[in-house]
Amino acid sequence: MTLADPFPSVRVRAPGKINVFLEVGRLQPDGYHDLATAFQAVSLYEDVVATHDDDFTIAQVTGSVPVLGVPRDERNLALRAARLLAEETGYHGGVRIDLYKEVPVSGGMGGGSADAAATLLACDALWGTGLSSGDLQKLAARLGADVPFALLGGTAVGTGRGDRLNPALARGRVDWVLVTNPVGVSTPEAYGMLDRHREEHGAQIGQGAESPAVDTDVLHALRQGDPQMLAACLRNDLQAATLRLRPDLTETMELGESSGALAGIVSGSGPTIAFLASGAEAAAELQQTLDAAGHDTLLVHGPVPGARIVG
Ligand code: ATP
């Protein structure tokens, strides 16, 4: 850093997400699946503060959620994002990264991906590397399937391996009650369970589509901003696998659905369960019921904007 440096540090905020639709395609020979998903960014935010430094470090990790499971070494997606940007732009310095997390860790809500997206934007501003949003999107896709969406925010459709992302039209506000769970679910384990289930019961349930696609009903419901319509077409192909790995979540699902939620869905690979409410008041009532039953809950809404500089 020099005295003339206009930005000693940059703060960027990026949202977590709920997949309101997730179709998992057939297992490919390389072990991956094509996906079709509709993302909605929701009002839980990760703040990344990037400060000039000679080395690449994750300094503080704090937040409103337990952050014990967050690695501070090279496994941290924020650190990988900073290194990738430096490599691609030929930047020679480093960065100190501080994280403030609101998205439950290993919760299926893309918190690490939001950190990576926020770090790309923060370092680009801090270092003056001046990449276009298209270039940042390309780097984001190399870091993980959910990272491009955390940059974009709002509502969007993702297909392929997360490399194809298109904004979707959405009207109004959707209210959710989230039930979080302290014990995370590993995403690879959830996919592994889905693959085994399809292998064993392929005759009844099929092996998954060759080219998965987001249902037009979901896109219509999002365009209309109609929670009832959306409730009828929420879908997550990983849900059955996650509930098989974590039978305790079935009870939570049943409680929410019998206590006024329009519908419940496991978020990504879980364990967070997202309950769709008919409005803000209904969401607050549902939250009270779930709290009284001893659950940890969060009230959120979507869609909200993607990663942006806040200071
Ligand atoms: P995914 O579905 O991408 O596996 P998730 O949304 O369920 O993730 P995250 O909180 O994003 O949950 O992180 C999953 C795992 O990634 C964590 O267990 C942690 O080991 C690792 N990880 C790497 N970087 C981060 C980060 N910045 N914040 C949180 N976890 C991180």
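For the structure, check the block above.
Bear in mind the structure is a predicted one, so any value in this text is a computation, not a measurement.

### Focus on the overall build of the protein
At step 1: Counting its secondary structure elements, the protein contains 10 helices and 12 strands.
At step 2: Taking 2.2 N^0.38 as the reference for a compact globule, 311 residues should give roughly 19 Å; the C-alpha atoms of the protein span a radius of gyration of 19 Å, in line with that estimate.
At step 3: Over its C-alpha atoms, taken along the principal directions, the protein stretches across nearly 65 × 45 × 35 Å.
At step 4: Looking at the protein as a whole, 51% of its 311 residues are labelled buried.
At step 5: When the accessible surface of the protein is summed, it comes to about 13900 Å², and 50% of that surface belongs to carbon and sulfur atoms.
At step 6: Here the protein carries 23 positive and 38 negative side-chain charges, and the mean point of each set is 3 Å from the other.

### Focus: helix H10 (residues 280-292)
At step 1: With 13 residues, H10 should cover 18 Å at 1.5 Å per step; its first-to-last C-alpha distance of 19 Å lies within 8% of that length.
At step 2: When we look at burial in H10, the residues that qualify are Ala283, Leu286, Gln287 and Leu290. Viewed along the axis of H10, the buried residues span an arc of 105°, placing them on a single side of the element. Turned more than 90 degrees from where H10 packs its buried face, Glu281, Gln288 and Ala292 sit exposed.
At step 3: Buried-residue contacts for H10 involve strand E7 (174-180), helix H9 (248-257), strand E10 (273-277) and strand E11 (296-302).
At step 4: Just downstream of H10 lies Gly294, where phi reads positive at about 95°.

### Looking at the pairing of strand E3 (residues 56-63)
At step 1: Of the strand pairs in this sheet, E3 and strand E4 (residues 94-101) are connected by 6 bridges, and their pairing is parallel. Looking at the pairing, Thr57 lines up with Arg96 of E4.
At step 2: A crossover connection joins E3 to the parallel E4 through helix H1 (residues 77-89); in handedness this β-α-β unit is left-handed.

The rules we used
Residues numbered from 1 in each chain as written. Predicted model: local features only at pLDDT ≥ 70, side-chain atom pairs only at ≥ 80, totals over all residues. Heavy atoms only, no water. Helix = DSSP H or I, 4+ residues; strand = E, 2+ residues; numbered from the N terminus. Rg over C-alpha atoms; globule rule 2.2 N^0.38 Å. Buried < 20%, exposed > 50% of the residue type's maximum accessible area, 1.4 Å probe, protein only. Areas by Shrake-Rupley, 256 points an atom, 1.4 Å probe, with all protein chains shown as cover. Lys, Arg positive; Asp, Glu negative; His and termini not counted. Charge placed at Lys NZ, Arg CZ, Asp CG, Glu CD. Expected span 1.5 Å × (residues − 1). Arc of directions from axis to C-beta. Contact = heavy atoms within 4.5 Å. Pairing = 2+ DSSP bridges. Right-handed = clockwise from strand over helix to strand, strands pointing away.

Keep in mind these numbers describe shape, not what the thing actually does.
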